[in-house]
Amino acid sequence: QPYHTSALSGTAWVTELLTGHPERIRCELGVLGVRKHVFYVLINLLRQAGCRDSKHVPLEEQLAIFLY
């Protein structure tokens, strides 16, 4: 049985993770089991350190890819 069943990808998938059930993000994003508030803290720290959205990939998606 498939583990990842979302039909979405990219930014839509990240948006689904961030707006969906709070436990879902923990299941999807790596062995660390990142909670939603921790994900937002990491995004804020990355932005403060000078990280930005790329031309085609928002920072949130970049972080999600890294944690996945």
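Conventions used here
- Residues numbered from 1 in each chain as written.
- Predicted model: local features only at pLDDT ≥ 70, side-chain atom pairs only at ≥ 80, totals over all residues.
- Heavy atoms only, no water.
- Core = buried A, V, L, I, M, F, W, Y, C linked by side-chain atoms within 4.5 Å.
- Buried < 20%, exposed > 50% of the residue type's maximum accessible area, 1.4 Å probe, protein only.
- Helix = DSSP H or I, 4+ residues; strand = E, 2+ residues; numbered from the N terminus.
- Phe/Tyr/Trp six-rings, centres within 6.5 Å; stacked < 30°, edge-to-face > 60°.

Student: When you look at the nonpolar core in this model, what are you seeing that I'm missing?
Tutor: A general feature of soluble globular proteins is that nonpolar side chains tend to end up buried together. Among the nonpolar cores identified, the biggest contains 13 residues, and Trp13, Ile25, Leu29, Phe39, Ala64 and Leu67 are the most heavily contacted of them. Elements represented by at least two residues in this core include exactly helix H1 (10–19), helix H3 (36–48) and helix H4 (59–67).

Student: Is there a simple way to think about the packing of aromatic side chains in this case?
Tutor: In this description, a pair of aromatic rings is defined by centroid distance and the angle of the planes. With the rule as written, the count across this model stands at 1 aromatic pair. The interplanar angle of 80° and the centroid separation of 6.3 Å between the aromatic rings of Phe39 and Tyr40 together place this pair among those described as edge-to-face. On the accessibility criterion, Phe39 (1% relative accessible area) is buried. Tyr40 sits in the partly exposed class, given a relative accessible area of 38%.

These figures come from the coordinates and say nothing about function on their own.
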